[in-house]
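Chain by chain, the residues run as shown.
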Amino acid sequence: MYKPVLGIIGGGQLGSMLSQAAKKLDIRTVIYCDDLDAPGQHFADEFIFGRYDDNNKLREFCYKIDLITFEFENIPFETLENLNKEKKVIPYPKINKIVQNRLFEKDFINKCDLRTTKYVYIKNLKDLEASDNYFPALLKTCTLGYDGKGQFRIENSDQISKLNLEFNKEYILEKLVNLKTEISVVLTRYGHQRYSIYDPIENKHEEQILKYSEIPAKIDNSILEKSKDWASILAEELDYIGTMCVEFFVDINDNLYVNEIAPRVHNSGHLTINAYNVSQFENHIRAVCGIEKIELKKICDAKMINLIGNDIHLYKGKKFNDNEFFYDYLKKEVKEKRKMGHITIIKN
Ligand code: AMP
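Residues numbered from 1 in each chain as written. Predicted model: local features only at pLDDT ≥ 70, side-chain atom pairs only at ≥ 80, totals over all residues.

Okay, the overall build of the chain next. On a plain count of helices and strands, the chain comes out with nine helices and 17 strands. Projecting the C-alpha coordinates of the chain onto the three principal axes gives extents of approximately 60 × 50 × 45 Å. Of all 348 residues assigned to the chain, the portion counted as buried reaches 41%. Relative to all contacts within the chain whose residues are 6 or more apart in sequence, the contacts with residues 24 or more apart total 62%. (Helix = DSSP H or I, 4+ residues; strand = E, 2+ residues; numbered from the N terminus. Buried ≥ 20, exposed ≤ 12 C-beta atoms within 10 Å, placed from the backbone. Contact = placed C-beta atoms within 7 Å.)

Pasting the structure below:
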């Protein structure tokens, strides 16, 4: 069977885990990353260090590979488009254009007739002052915010002046959802209506960073079905190939809202490595490289705990039980709020 050499843009933990999954399938990987210390270099067959706008380095990357995928969505769109002219980029770059901007993303989800929280585009102070019917709300930058970065909680109009906002950026104001729980659906699309869909995962955040993910999610069957259905509607509409994740809110009245789409493997899906016969990473490699799809089977329940910042020191060198799986991302520097590793505990 033809096995392409796979280029992966981004060399963090997701790039590392993609490379490991590829190795299992006998697929060579070359990681391209703008971080000289990227942990992915310990797992890929080859590593190229370069900026995401360095055309010479990107050309060198293209010579070495047959097709390209990525571990994060915020690669400059122009870079992805240019690369796509040399070697096919999967998932398709047009998808990044939508999800790189929270406003385009929410407009797209609503165009698919799926529910999001109420939102409005904010370009200046006047817009914000005129939007008090959205409060309490979260003001988020339209681009480049993740893990709560670039987000401001606004309870009422009096707080606006205290925020010292700079309007050299564009924002979206989102009405706060009265959360009962948060879930995500990870799926892999192989082509028209061909899916491996994992069961919804229940997620708990601390300081807006994912801390715990667990299956089964404590949700009604109707929400379980609806979230899987909505995730596949979005994937179909995007003509998505590979693994992606849809994050949802469930409010106290059991209404479902799409929060965001991650066009890549996802932190909440790490537990699929131990809880399913095929992990989200292996499924991604299979789908983008055109390898056969295997029927997805859940093996056990599981809980994943993210090790953030100094948490990692408590676990390095620790002895684990047979049902506990420790993953050290081998990041050179421990930083506050940085995801350093995770543990998955399986339950039979
Ligand atoms: P985000 O960066 O948009 O994924 O937001 C990070 C986290 O902030 C989410 O997982 C929620 O816990 C919280 N959050 C974001 N937007 C909202 C919202 N509109 N209503 C309630 N909670 C939110």
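And the narrative resumes.
Remember that side chains alternate between the two faces of the sheet whenever the strand is regular. Here strand β6 (residues 137-141) lies mainly inside the structure; four of its five residues are buried. Summarising the sheet, β6 and strand β7 (residues 151-154) pair through four bridges and their orientation is antiparallel. Bridge pairing links leucine 139 to phenylalanine 152 in β7. One ladder, built from five bridges, connects β6 with strand β8 (residues 171-175); its direction is antiparallel. Bridging from a neighbouring strand, alanine 137 pairs with lysine 175 of β8. (Pairing = 2+ DSSP bridges.)

Another aspect to go through is the site of the ligand. Taken together, 13 residues sit near the ligand, with Thr117, Glu174, Leu176, Val177 and Gln208 positioned nearest. Breaking the shell around the ligand down by element, the ones donating at least two residues are β9 (179-191) and β14 (256-262). Broken down by class, the residue content of the shell around the ligand amounts to five nonpolar, five polar and three charged. Formed jointly, the shell around the ligand draws a minimum of three residues from each of two domains, domain 2 (118-175) and domain 3 (179-347). (Near = placed C-beta within 6 Å. Nonpolar A, V, L, I, M, F, W, Y, C, P; charged D, E, K, R; others polar. Domains from an automatic or database assignment.)

Moving on to the domain arrangement of the chain. Looking at the assigned domains, one finds that the chain contains domain 1 (6-89), domain 2 (118-175) and domain 3 (179-347). Using C-alpha coordinates to define each centre, domain 2 is positioned 29 Å away from domain 3.

The subject of this paragraph is the sheet that holds strand β1 (residues 6-9). One open sheet accounts for four strands, arranged β3-β2-β1-β4; its pairing is parallel. Strand pairing shows two members of the sheet lacking a second neighbour, β3 (46-49) and β4 (67-70), which therefore form its edges. Averaged over all pairs of adjacent strands, the angle between their axes in this sheet comes to 25°, without regard to strand direction. (Axes fitted to C-alpha atoms, helices over the stretch in contact; angles between N-to-C directions.)

Let's shift gears to helix α1 (residues 13-24). Under the 1.5 Å per step criterion, the end-to-end length of α1 is 17 Å for twelve residues, consistent within 8% with the ideal 16 Å. Among the twelve residues of α1, nine are classified as buried, and the element is accordingly described as predominantly covered. For α1, the full list of buried residues reads Gln13, Leu14, Gly15, Ser16, Met17, Leu18, Ser19, Ala21 and Ala22. The elements touched by buried residues of α1 are β1, β2 (29-33), α9 (280-289) and β17 (339-347). In the stretch just after α1, aspartate 26 is the one whose phi turns positive, near 65°. (Expected span 1.5 Å × (residues − 1).)

Let's shift gears to the packing of α1 against α9. Interhelical geometry of α1 versus α9 gives an angle of 65° and a closest axis separation of 8 Å. With respect to their mutual orientation, α1 and α9 come out roughly perpendicular. Here α1 runs over α9; the crossing is right-handed. Across from Met17, Leu18, Ala21, Ala22 and Lys24 in α1, the residues of α9 making contact are Phe281, Glu282, His284 and Ile285. Partitioned by chemical class, the residues of the contact of α1 with α9 number six nonpolar, one polar and two charged. (Parallel < 35°, antiparallel > 145°, perpendicular 65-115°, else oblique. Left-handed = near helix turned anticlockwise from the far one by under 90°.)

Ranked by internal contacts, the top residues of the largest apolar core, which has 74 residues, are Leu18, Ile31, Leu234, Val246 and Ile285. It is strand β13 (residues 242-251) that contributes the most residues to this core, six residues altogether. Looking at this core, you find at least three residues from each of domain 1 (6-89) and domain 3 (179-347). The residues touching leucine 234, leaving out its near neighbours within four places in the chain, are Ile109, Cys112, Val246 and Ile261. If you look at the next biggest cluster of nonpolar residues, it comprises twelve residues, including Ile122, Leu128, Tyr134 and Ala137. (Core = buried A, V, L, I, M, F, W, Y, C linked by C-beta atoms within 7 Å.)

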